[in-house]
Amino acid sequence: MRCIDIEMFPASYGDSFLISCRNGEKEKTNLLIDTGFISTYEECIRDRLLFLNESGERLALLVITHIDADHLSGALKLLEENEQTSKIVPIDKVWHNSFRHLQWEKSSSSQVLGMREKKLLEEVKAQGYPSEVKKTENKEKPISAKQGSSLASLILQGGYSWNIDFAGQAVCVENRSEIHLNSDVMITLLSPRLNQLKELEKYWKRKLYKLGYRKEITDDAFFDDAFEFLVSREKAQAVVNQEKEISSSPIDLEELLRTPFTEDTRATNGSSIAFVLQFKEKKILFLGDSHPSIIEQELKSLYGGEMIWFDAVKISHHGSSSNTSPGLLNLIDSANFFVSTNGVKFHHPDLITLARIVCRESKEKRNLIFNYETPASNYMDDEQRKQKYNYEVRIASEGQIIEI
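Rules behind the numbers
Residues numbered from 1 in each chain as written. Predicted model: local features only at pLDDT ≥ 70, side-chain atom pairs only at ≥ 80, totals over all residues. Heavy atoms only, no water. Helix = DSSP H or I, 4+ residues; strand = E, 2+ residues; numbered from the N terminus. Buried < 20%, exposed > 50% of the residue type's maximum accessible area, 1.4 Å probe, protein only. Contact = heavy atoms within 4.5 Å. Areas by Shrake-Rupley, 256 points an atom, 1.4 Å probe, with all protein chains shown as cover. Phe/Tyr/Trp six-rings, centres within 6.5 Å; stacked < 30°, edge-to-face > 60°. Pairing = 2+ DSSP bridges.

S.K.: Can you walk me through the overall build of the protein in this structure?
M.R.: Scanning the protein from terminus to terminus reveals 14 helices and 18 strands. Counting only residues that meet the buried cut, the protein has 57% of its 404 residues in that class. A fraction of 74% describes how many contacts in the protein between residues 6 or more apart in sequence connect residues 24 or more apart. Accessible surface for the protein amounts to roughly 17,600 Å². Of this, 45% is attributable to carbon and sulfur atoms.

Right, dumping it as structure tokens:
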């Protein structure tokens, strides 16, 4: 029997999914989509990957959707440990866009950087990726982790097949949109496009110049670290504290639908890898933290303007109201919507996103599948609302596999 197993790791306010396309018990294609924080890897992912290895399995693909600490930090430890004597798991291919993939007009690295430039870049590197924030005694505290190298440098040092499906260039729609992992499993890329990657490059250069860097930027691998560490600190848009909002007064879901939609503008999220994973007749939509207008455009190009049914949808950006537009939801539907976040830092998911999903007529019951209880998930888990809008709320426990 063909099925897709989805394991949504408890990744704090980040993302990490282990996907297994299973044809019976012996034929499996495993993909790891993002790795959450280092704590996610140490507490959950490592043992799961070791089990795969011991069972004679491997990762056909590791996808790091974009440069945000809540999506990539766990991969730092994975790749560090995977190159030691006892490997964690064989990894066939890695998709990850770093600075080396965003150099449209390469400059030679023959120039010698001065002491001032070296010091500035070392200071950027010393900052590393942002640390995980955990709620301790009602206070949000950063959880530090030792960070030395960028993910890009670890991939390079490990000798992995890096963006090989795109001839070593950027993972983007223009470079290749249809990738066959094998005869049964196909990925159709939806995001990013070259424009989004160019916006990310411009954002980074502006930040670097603002810090005082004035020399030419070259293809030297040293810039990979500076690129990732600086880009990962792009500030998120201001968010409303939903914990107070939800508890302070009754909320009408249909009233929320009147709220005007404002799209996310973060360059990092715009560069997010998003795709359709197809396993024979089943197809799943993975949206990373992508911008909805880009996804709308690609879906219309691929399928026309008709409603597209997916067997599962991973909601973009942890259910943020700026990443799931009414226009996108006019194109897609599913019985299974996955939302990954504990809501600690940004108070996702936003209720308006959940309202946009469920307040549409449907003959089939929709499942809202969370990996944590949050104020929003608890609010949605109301019998009258569930009956009225024909949906169910599920909280996936650690280690639980959702079979599609």
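Let us keep going from here.
S.K.: I tried to follow the packing of aromatic side chains on my own but got confused; where do I start?
M.R.: Each aromatic ring pair is characterised by the separation of its centres together with the angle its planes make. As enumerated under the stated definition, the model contains 10 aromatic pairs in all. Judged by centre distance (6.4 Å) and plane angle (80°), the ring pair of Phe17 and Phe338 falls under edge-to-face. Of this pair, Phe17 sits in strand β2 (residues 17–23) while Phe338 is found in strand β15 (residues 336–339), placing the two residues 321 residues apart along the sequence. Looking at Phe17, the relative accessible area reads 1%, which means it is buried.

S.K.: Please explain the sheet that holds strand β4 (residues 59–63) as it appears in this structure.
M.R.: Hydrogen bonds between backbone groups are what pair the strands of a sheet, and the pairing can be parallel or antiparallel. Here six strands make up an open sheet; going across it, the order is β5-β4-β3-β2-β1-β18 and the pairing mixed. Both outer strands of the open sheet, β5 (94–95) and β18 (402–403), are each paired with one neighbouring strand and no more. When strand β3 (residues 27–33) meets β4, the two strands line up parallel, connected through four bridges. By the bridge assignment, Leu32 is partnered in β4 with Leu62.

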